Number of protein chains: 4
Amino acid sequence: MAGSTFGTIFKITTWGESHGAGLGVVIDGCPAGLYLCEEDIQEFLNRRKPGQSHFSTPRKEGDTVQILSGVFEGKTTGTPISLVVYNENQRSKDYSEIASYFRPGHADYTFDMKYGFRDYRGGGRSSGRETIGRVAAGAIAVKILNLLGITFTTYTKSIGPVSYNPACFDATQIFQNALYMPDAEAASNASAYLEACMADHDSAGGVIECIISGMPVGIGDPVFEKLDANLAKAIFSIGAVKGFEIGDGFEAAKATGKTNNDAFRLNELGHIEKATNHAGGILGGMSDGSDIILRASIKPTPSIASSQHTVNKAEEEIDINIHGRHDPVIVPRAVVVVEAMAALTIVDALFVNMSARMDSVKSFYDEL
Amino acid sequence: MAGSTFGTIFKITTWGESHGAGLGVVIDGCPAGLYLCEEDIQEFLNRRKPGQSHFSTPRKEGDTVQILSGVFEGKTTGTPISLVVYNENQRSKDYSEIASYFRPGHADYTFDMKYGFRDYRGGGRSSGRETIGRVAAGAIAVKILNLLGITFTTYTKSIGPVSYNPACFDATQIFQNALYMPDAEAASNASAYLEACMADHDSAGGVIECIISGMPVGIGDPVFEKLDANLAKAIFSIGAVKGFEIGDGFEAAKATGKTNNDAFRLNELGHIEKATNHAGGILGGMSDGSDIILRASIKPTPSIASSQHTVNKAEEEIDINIHGRHDPVIVPRAVVVVEAMAALTIVDALFVNMSARMDSVKSFYDEL
Amino acid sequence: MAGSTFGTIFKITTWGESHGAGLGVVIDGCPAGLYLCEEDIQEFLNRRKPGQSHFSTPRKEGDTVQILSGVFEGKTTGTPISLVVYNENQRSKDYSEIASYFRPGHADYTFDMKYGFRDYRGGGRSSGRETIGRVAAGAIAVKILNLLGITFTTYTKSIGPVSYNPACFDATQIFQNALYMPDAEAASNASAYLEACMADHDSAGGVIECIISGMPVGIGDPVFEKLDANLAKAIFSIGAVKGFEIGDGFEAAKATGKTNNDAFRLNELGHIEKATNHAGGILGGMSDGSDIILRASIKPTPSIASSQHTVNKAEEEIDINIHGRHDPVIVPRAVVVVEAMAALTIVDALFVNMSARMDSVKSFYDEL
Amino acid sequence: MAGSTFGTIFKITTWGESHGAGLGVVIDGCPAGLYLCEEDIQEFLNRRKPGQSHFSTPRKEGDTVQILSGVFEGKTTGTPISLVVYNENQRSKDYSEIASYFRPGHADYTFDMKYGFRDYRGGGRSSGRETIGRVAAGAIAVKILNLLGITFTTYTKSIGPVSYNPACFDATQIFQNALYMPDAEAASNASAYLEACMADHDSAGGVIECIISGMPVGIGDPVFEKLDANLAKAIFSIGAVKGFEIGDGFEAAKATGKTNNDAFRLNELGHIEKATNHAGGILGGMSDGSDIILRASIKPTPSIASSQHTVNKAEEEIDINIHGRHDPVIVPRAVVVVEAMAALTIVDALFVNMSARMDSVKSFYDEL
């Protein structure tokens, strides 16, 4: 079915395969009058681009975005914004081997069983390049949210067993190491861990954390459209995610009410705030004014250089060696994808929230 | 906005508050010709009913369901099924105190900020009684899935620090202890832990696990409608959930590709299967034929008998004592809610999947 | 599938059959803080109630509505509003004859073919009583729109060949004759026509017109969510509708650009307005500030007292006589249904429109 | 909001402006395994291309479609199909005059009021070129439907006052005259009428009729997702449509039950059929097995060469002369747009229908 569309009012539809003509996204429901140019989007795409470090695939792709519609005289018009990134790297490599079997940890088998066959070139639609459309659209969502005073701090919390040290958290570090960690020493240790993985023809996973500051209170809707539920879906729709947490997450299950409840208090301006933030910024499915804190567990890259056991399309058991270079870890490049998906969720929740109260609706139309 | 509807083709809409006239659900998109009676649904509601053990609120509610539409001569007709549970316990208790302040860990503050006021009687719409509609609809989803060979095993994995012992897993135990644990000794230890919490005027959380067996391969859709993404949303839409995992979840972030990849092999019937199941039954967002394994972290009940610090509606800091008896843990009663939400997600994914291939569509209409 | 839900932000879900336990609707996405009581809704239901005149079925139904959720202390809370009308008239009449064949002009045959069987008691879900949920929800939509300065004038334009005379249009007449015509003489002529139809064991159709005044400019969205497209769907989803027009409708096809174009001009206050209104208040799918004028063609009641030819479930050709009394015309009772569906469409379009401009979004959240 | 997406399971999203970089559509939810090439789509686009006759704008556009994704080895893969038509004709004509005022009959005023400004080059998003995405997607829908035995006959019923003569209906004529009329003599008379309009610096409208044959019975869903309601929305979402009918349409309002009811009978094969087809192939919102007959009223082209009165952005009344050549009638080019929108509606309804019965669902998954 139609699984490539996300959002209710701020709605995006992505398309494209790893080795097809290109990849893109249509953003529909972006408010009119937002200043937007290709550089706004390119900046985000560059954060996920391959070939930036020793730990990402050396495939050289410019990943240059073009705006095909929806922007006129430098501003969004309210009509759909179509963005495209053409693939430069479509050389007709021989894919006959990879086409013949099911790679462990990949979607080869499930694609074949669902659709009868698959575009096997570089993973086709299930390639990590599918996230280009998400990141391009997310750049616009972040730009809107920044105008509303909402900001994102997203980084690698851990690679394999190596976590950053909360006592050493330094946001300025995030963009100063190839792993996007907020702690130089942890980044150095994680790099060493990754070198060892690579030497062992192995790969690593990790955890990404995202902090969203400046949220108004009451965003999200009770029951099925809770803000945390929509964030969970958004983040879990990213290829390699296997776990998701808000606030204390799985630790909350071990806590007690006395320690887990966040007391309310008044801040120096006399405004209500929470004294602690075990809840991670969401109560009853709605933002509570504290920072939203979310976390995603990312599995190790399934493509490894070691020999693996699997089954081929002729239904025979075989041992395979996947050729070519692959990212030993996708966590650093996925940081911006997590940020993009979180931003897309929040901008949609903000727009949907505008008719929550009759008095606000009346004021809105009285002022028109 | 409209946050009380869930699903695309098998769509449910819930309504009702804790101390209003009643609670209910409309199930739209249920196939015609399913045998259905009130007992099918009551059985599920009884699993979440209060007053069943020492560890749940003694509020006595029959929670008796009535079918108001959509069933004729014992079978579903294809038109919407309206289910209602009237509240028996609407006595006009004095809620003026609870109405005046914001309980820590509850949605009082966020509801007030979003909507301007709230139905403060027993939590109103944010009460755990909101799940009655989910469970009633989930009973129908499970009945459909059972007909298709898909079954659920759902249980309490842990209460606070007490986990079941996987070596002692015994599914027959689940319905033999008040905590729905698959391990009698763990249930006994968890009970002792809960007694201690109660003596300390405190509360506990825990983890619920759900295993879904018999899935066809290829259910779920790539990109945003991945089966795990929709399960994440479904489970995270339950009130107290703070974390969600599929398969190895957060452990996968620490694993390496060599250990985390599940090799494919042929079983004794010559069918393809995975040798291990770190993936938890989903690859690339689609079911892979192995059991789907999911986990939800549930926070401790926020209503505790101890004194707590908060702010009142007059924006003054105060200390409060919440009166009345409350569940010291909601995990056992939430087990059936997790199962219901998982079932609702899967039945919808199965229906949506039916047009995935042109040859299947053609066969379907040629046979009509 | 799930065909009983309508709307994006202001979303309604109806349920119920003619001779089941009752009929109802859940309204989700109604803003909080709207004063609402059962009388607000009952007033609309009374406009479609049977037994009000010589020309409607004498079935006596109180059609008394109850609010089961979503209203607290006299105001909407922002959570779903559940409304129910219990059926008083469920006597177990013998339906075996009607169950055995397919009535011409009814949905018996299509229901049986789609679902395998049907609730044949009084038409089941395809009965005109299905509109109770629409009208109840529409009453709330109209109440919201009135607060925003938007009003409805809906009436019978014609019954069979008898049209009202535009030169004699008198809105105060609408509620003074059983046919809801804005012209006493036309109402009298139409009554005579209906008497003749009844004497001949025949039935009549007609045209309903709805005028919506006070619309802000720019409501509706280009391309697929045009305001007129959504009105067309809303009105065409009413059982007996066979045609729909906006403004000059089918006459526009015969006009030329010179006569059909509406010139813009300035009114006495210096505001832009259209000099004429061939467009019926919508340009490019968005409201243009003029009255929205829409029209629905309603077919003659298919249940007639004369003998008819048809096929039975045993696939034999037979002649039938449908017993019982039926409305010789449903147009007058459908007037309020048309108004309800138009109001539901417009309130949803207004809510969706609130994020159309970046500056409005920013003002909204800056003021929060 | 997001107004550029249409459909539930077979979902399309269009984008692009008249004088932007290009126009396109993403089709998501197309079943895998459909043979598809650019020629399949080009054939449909050629039917709406400008410059084909004396009666369409001489703007020369190749309107050549490219498939950017979703097709591999000649077949659809089940992933989104991205189609693009680049604009050849983007020359920077001076639009300063047209930008300064509101053209009567166009969306200039409503766009400006909704969004604050507009892309005024050639109408921007409200240009007839917006339909390129609809037609390209519709070509795929028609290809699918043909495989299921469903066919379309779509043509111009009338231009201004000149209608085809039903007694002379000849489907082979449709593609033999520039007006797509099924009657050579009527086409000749209509051409003469258009010549007169052009000589008078005026424009014409008309009516398009579409006949859909081979429908299975029971497609469409009761209440809000009736097949006729969705067709009404689909057709009314086309720019210049002002009226829509199914079967006898507005004539049904003047008929009586005796004449309007279609008797059921058995055909020579013993299958149930309707003896007449006043209903236009739909009963109770579901297809009844007869041909579906629908009709759209198209208003005269608003761009005319004559002087017109209007208001400019400085809010002054002015007289304008719109320069450039425009289609004196858009009806012939809209024929394929009507067919495309009808096909998109029906293919979606067929996919949604697949889970209507429990026994069909069970058979489907048992056979997997």
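1. Section: the overall build of chain A
Here is step 1: Assigned secondary structure in chain A consists of ten helices and 18 strands.
Here is step 2: The C-alpha atoms of chain A give 22 Å as radius of gyration, which agrees with the globular expectation for 368 residues (21 Å, within 12%).
Here is step 3: Each principal axis of the C-alpha distribution contributes one length, and for chain A these read about 65 × 50 × 35 Å.
Here is step 4: A total of 368 residues make up chain A; the buried ones form 67% of that total.
Here is step 5: Total accessible area on chain A is roughly 11300 Å²; 51% of this is exposed by carbon and sulfur atoms.
Here is step 6: A gap of 2 Å separates the mean positions of the 32 positive and 44 negative side-chain charges of chain A.

2. Brief notes about helix H6 (residues 227-236) of chain D
Here is step 1: For H6(D), the buried fraction is high: ten of the ten residues fall into the buried class.
Here is step 2: Those residues of H6(D) that fall on the buried side of the exposure criterion are Leu227(D), Asp228(D), Ala229(D), Asn230(D), Leu231(D), Ala232(D), Lys233(D), Ala234(D), Ile235(D) and Phe236(D).

3. A closer look at the relation of the copies chain D and chain B
Here is step 1: Superposition of chain D onto chain B requires a rotation of 180° combined with a translation of 0.0 Å along the rotation axis, giving an RMSD of 0.0 Å. On the angle and the small slide along the axis, the relation comes out as a two-fold axis. When C-alpha distances to the rotation axis are compared across chain D, the minimum falls at Met354(D), with a value of 3.4 Å.
Here is step 2: The fraction of interface residues of chain D whose copies in chain B are also interface residues reaches 100%, indicating that both copies meet through the same surface.

4. Digging into the sheet that holds strand E10 (residues 206-213) of chain D
Here is step 1: With respect to topology, ten strands assemble into an open sheet ordered E9(C)-E8(C)-E10(C)-E16(C)-E11(C)-E11(D)-E16(D)-E10(D)-E8(D)-E9(D), the strand pairing being antiparallel. The sheet is open, and its two edges are formed by strand E9 (162-163) of chain C together with strand E9 (162-163) of chain D, each paired on a single side.
Here is step 2: Bridge analysis of strand E8 (residues 151-159) of chain D against E9(D) gives two bridges, and the strand direction is antiparallel. From the neighbouring strand, Ser158(D) faces E9(D), where its bridge partner is Ser163(D).

5. With respect to the pairing of strand E7 (residues 81-86) of chain C
All names here are of chain C.
Here is step 1: By the criterion of burial, E7 is predominantly enclosed, with five of the six residues buried.
Here is step 2: Pairing of strand E3 (residues 22-28) with E7 involves six bridges; the strand directions are antiparallel. Residue pairing across strands places Gly22 opposite Tyr86, the latter belonging to E7.
Here is step 3: As paired strands, strand E4 (residues 65-67) and E7 are joined by three bridges and run antiparallel to one another. In the sheet register, Gln66 faces E7, and the bridge partner there is Val84.

6. Observations regarding the interface of chain C and chain D
Here is step 1: Between chain C and chain D, the residue contacts involve 108 residues of the former and 108 residues of the latter.
Here is step 2: Taken together, both faces of the contact between chain C and chain D bury some 8600 Å²; the carbon and sulfur share is 62%.
Here is step 3: Run the count over chain C and chain D and you get six salt bridges.
Here is step 4: Asp200(D) is the partner of Lys258(C) in a salt bridge, and the nearest nitrogen-oxygen pair spans 3.3 Å.
Here is step 5: In terms of residues, the side of chain C that touches chain D owes the most to one element, helix H3 (residues 108-115) of chain C, which gives seven residues.
Here is step 6: Taken together, the residues of the side of chain C that touches chain D sort by class into 47 nonpolar, 35 polar and 26 charged.
Here is step 7: Inspection of the sheet shows strand E11 (residues 241-246) of chain C paired to strand E11 (residues 241-246) of chain D by three bridges, in the antiparallel sense. Bridge pairing in E11(D) links Gly243(C) to Glu245(D).

7. Things to note about the relation of the copies chain C and chain D
Here is step 1: Superposition of chain C onto chain D requires a rotation of 180° combined with a translation of 0.0 Å along the rotation axis, giving an RMSD of 0.0 Å.
Here is step 2: Of all interface residues in chain C, 99% are interface residues in chain D too; the two copies therefore contact each other through one and the same surface.

8. A look at the packing of helix H1 (residues 38-48) of chain D against helix H4 (residues 131-147) of chain D
Residue and element names in this part refer to chain D.
Here is step 1: Their axes nearest at 8 Å, the elements H1 and H4 cross at an angle of 130°. As summarised for this structure, H1 and H4 are arranged oblique, according to the angle between their axes. As for how H1 packs across H4, the hand of that crossing is right-handed. Touching Asp40, Ile41, Phe44, Leu45 and Arg48 of H1 are Thr131, Ile132, Val135, Ala136, Ala139, Ile140, Val142 and Lys143, all from H4.
Here is step 2: Residue composition of the contact of H1 with H4, grouped by class: nine nonpolar, one polar and three charged.

9. A short note on helix H5 (residues 184-199) of chain C
All names here are of chain C.
Here is step 1: With 16 residues, H5 ought to run about 22 Å at 1.5 Å a step, and its terminal C-alpha atoms sit 23 Å apart, in line with that.
Here is step 2: Those residues of H5 that are buried are in contact with strand E8 (151-159) and E9.
Here is step 3: Remark: His201 follows H5 within two positions and exhibits a positive phi of approximately 55°.

10. Considering the sheet that holds E3(C)
Residue and element names in this part refer to chain C.
Here is step 1: Read from one edge to the other, the open sheet built from five strands follows the order E1-E2-E3-E7-E4, with strand pairing classed as antiparallel. The open sheet terminates on both sides in strands that have one partner only, identified here as strand E1 (5-6) and E4.
Here is step 2: Relative to the sheet, helix H1 (residues 38-48) contacts E4 and E7, its axis offset from that of E4 by approximately 150°.
Here is step 3: The sheet strands contacting helix H4 (residues 131-147) are strand E2 (11-16), E3 and E7, and the helix crosses E3 at an angle near 35°.

Calculation notes
- Residues numbered from 1 in each chain as written.
- Chains lettered and ligands numbered in written order.
- Predicted model: local features only at pLDDT ≥ 70, side-chain atom pairs only at ≥ 80, totals over all residues.
- Heavy atoms only, no water.
- Helix = DSSP H or I, 4+ residues; strand = E, 2+ residues; numbered from the N terminus.
- Rg over C-alpha atoms; globule rule 2.2 N^0.38 Å.
- Buried < 20%, exposed > 50% of the residue type's maximum accessible area, 1.4 Å probe, protein only.
- Areas by Shrake-Rupley, 256 points an atom, 1.4 Å probe, with all protein chains shown as cover.
- Lys, Arg positive; Asp, Glu negative; His and termini not counted.
- Charge placed at Lys NZ, Arg CZ, Asp CG, Glu CD.
- Least-squares fit on C-alpha atoms with pLDDT ≥ 70 in both.
- Contact = heavy atoms within 4.5 Å.
- Pairing = 2+ DSSP bridges.
- Buried area = accessible area lost by both parts, 1.4 Å probe.
- Salt bridge = Lys/Arg side-chain N within 4 Å of Asp/Glu carboxyl O.
- Nonpolar A, V, L, I, M, F, W, Y, C, P; charged D, E, K, R; others polar.
- Axes fitted to C-alpha atoms, helices over the stretch in contact; angles between N-to-C directions.
- Parallel < 35°, antiparallel > 145°, perpendicular 65-115°, else oblique.
- Left-handed = near helix turned anticlockwise from the far one by under 90°.
- Expected span 1.5 Å × (residues − 1).

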